[in-house]
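Chains, contacts and geometry: an overview
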Amino acid sequence: MENKNLTPEESFNIINKAISNFKLNYRETAKVFLLWGWVLAIASFSNFIILKILYSREAFGLMGLLSLCNWALFLLIGFIIMFFMERKSNKDKKVFSYLESYFKNLWTVTAASFIIATFICIKLEINPPPIMLLIAGIATTTSGLLIKYRPVIIGGMAFFIFSLAATFVSNEYISLIVFAAIICGYLIPGYSLKSAKV
């Protein structure tokens, strides 16, 4: 490979292209936050309704199973939608950045952590939401720090606060804590990213 001296204009064009590629990724991140924000918010609210109905009927034996099925259904829906979103995005995309690769790896590891933590919580007979919110907080805060976007950082920190709050709430109402955490951690930052002028 031969060394070529670039003119100031060529250097400036390369820098501008790199910046515009980053902006494209920045906007794509909003779609992911909004997808998972809505899927998880609906899942947590429907879980609250399921638990309320089961508490009123004193069907305590069904709570764990129906709650797990509710979450599994919505997660499956989210993964299917995400698969098609990624497929369309990758088809249209001409440039893939290291930042994008890092995000994909971060959230893949986070998804694996959610699955493993769920099994650990079931085995130890502890309530999963505080652990899940903690994991979400780590990944969301890391994402915000990486793209240097304050609303995402604050959203990630909100997950930490809600994780602690979830330890003080009874089973019946813990889904409302998760619902509030998802709104503050994913939906508000997602809409902020979507409308950001970067």
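Overview of the structure.

What counts as what
- Residues numbered from 1 in each chain as written.
- Predicted model: local features only at pLDDT ≥ 70, side-chain atom pairs only at ≥ 80, totals over all residues.
- Heavy atoms only, no water.
- Helix = DSSP H or I, 4+ residues; strand = E, 2+ residues; numbered from the N terminus.
- Buried < 20%, exposed > 50% of the residue type's maximum accessible area, 1.4 Å probe, protein only.
- Contact = heavy atoms within 4.5 Å.
- Areas by Shrake-Rupley, 256 points an atom, 1.4 Å probe, with all protein chains shown as cover.
- Patch = residues over 30% accessible without salt bridge, like charges linked within 9 Å, V, L, I, M, F, W, Y side chains within 5 Å.
- Salt bridge = Lys/Arg side-chain N within 4 Å of Asp/Glu carboxyl O.
- Expected span 1.5 Å × (residues − 1).
- Bend = angle between axes of the 7 residues up to and from the residue.
- Phe/Tyr/Trp six-rings, centres within 6.5 Å; stacked < 30°, edge-to-face > 60°.
- Axes fitted to C-alpha atoms, helices over the stretch in contact; angles between N-to-C directions.
- Parallel < 35°, antiparallel > 145°, perpendicular 65-115°, else oblique.
- Nonpolar A, V, L, I, M, F, W, Y, C, P; charged D, E, K, R; others polar.
- Core = buried A, V, L, I, M, F, W, Y, C linked by side-chain atoms within 4.5 Å.
- Left-handed = near helix turned anticlockwise from the far one by under 90°.

Turning our attention to the overall build of the chain. Looking only at helices and strands, one finds six helices and zero strands in the chain. Each helix and strand of the chain, placed in order from N terminus to C terminus, yields the pattern α-α-α-α-α-α. The proportion of buried residues among the 198 residues of the chain is 36%. Partitioning the intrachain contacts of the chain with sequence separation of at least 6 by distance along the chain shows that 72% fall at a separation of at least 24. For the chain, the exposed area adds up to about 12,500 Å²; of that, 71% sits on carbon and sulfur atoms.

A cluster of nonpolar side chains, namely Ile-116, Ile-120, Leu-124, Ile-126 and Ile-131, defines an oily patch on the protein surface of about 440 Å² accessible area. Considering every element that reaches the nonpolar patch, the biggest residue donor is helix α3 (residues 98-124), with three residues. Relative to the assigned elements, Ile-116 resides in helix α3.

Next up on the list: helix α6 (residues 171-195). Compared with the 36 Å implied by 1.5 Å per residue over 25 residues, the 36 Å span of α6 between its first and last C-alpha is a close match. At Ile-183, α6 is bent by approximately 35 degrees, the largest bend along its length.

When the terminal C-alpha atoms of helix α5 (residues 150-166) are compared, their 24 Å separation across 17 residues agrees well with the 24 Å that a helix rising 1.5 Å per residue should span. All buried positions along α5 are accounted for by Val-152, Ile-153, Gly-155, Gly-156, Ala-158, Phe-159, Phe-162, Ser-163 and Ala-166.

This model, assessed by the stated rule, comprises nine aromatic pairs. Here Trp-36 and Phe-79 contribute two aromatic rings whose centre-to-centre distance is 5.1 Å and whose plane-to-plane angle is 65 degrees, an arrangement assigned as edge-to-face. Here Trp-36 is found in helix α1 (residues 8-56), whereas its partner Phe-79 is found in helix α2 (residues 63-92), with 43 residues between them in sequence. Note on Phe-159 and Tyr-186: the rings are 5.0 Å apart at their centroids and 65 degrees apart in plane angle, and the pair reads as edge-to-face. Residue Phe-159 is found in helix α5, and its partner Tyr-186 is found in helix α6; the two are separated by 27 residues along the sequence. In this pair, the class of Phe-159 matches that of Tyr-186, namely buried. By the ring-pair criterion, three or more aromatic residues cluster together here, those being Phe-33, Trp-107, Phe-159 and Tyr-186.

The geometry of a pair of packed helices is captured by two quantities: the angle between their axes and the separation between those axes. Where α3 meets helix α4 (residues 129-147), the closest approach of the two axes is 9 Å, and the angle between their N-to-C directions is 170 degrees. Relative to α4, the element α3 is oriented roughly antiparallel. In contact with Leu-99, Tyr-102, Phe-103, Leu-106, Trp-107, Thr-110, Ser-113, Phe-114, Ala-117, Thr-118 and Cys-121 of α3, α4 contributes Ile-131, Met-132, Ile-135, Ala-136, Ala-139, Thr-140, Thr-142, Ser-143, Leu-146 and Ile-147. Looking at the contact of α3 with α4, its residues break down into 15 nonpolar, six polar and no charged.

Attention now goes to the nonpolar core. Core analysis: the biggest nonpolar cluster contains 32 residues, and Leu-133, Ile-147, Phe-159, Ile-182, Tyr-186 and Leu-193 have the highest contact counts within it. Looking at this core, the elements with two or more residues in it are α1, α2, α3, α4, α5 and α6. Of the residues forming this core, the biggest block, nine residues, is contributed by α1.

Here we come to the packing of α4 against α5. Between α4 and α5, whose axes approach to 7 Å, the crossing angle comes to 165 degrees. It follows that α4 is roughly antiparallel to α5 by the angle criterion. The hand of the α4/α5 crossing is left-handed. Across the interface between the two elements, Pro-130, Leu-133, Leu-134, Ala-136, Gly-137, Ile-138, Thr-140, Thr-141, Ser-143, Gly-144, Leu-145 and Ile-147 of α4 pack against Val-152, Ile-153, Gly-155, Gly-156, Met-157, Phe-159, Phe-160, Phe-162, Ser-163 and Ala-166 of α5. Per-class residue counts for the contact of α4 with α5 are 14 nonpolar, eight polar and no charged.

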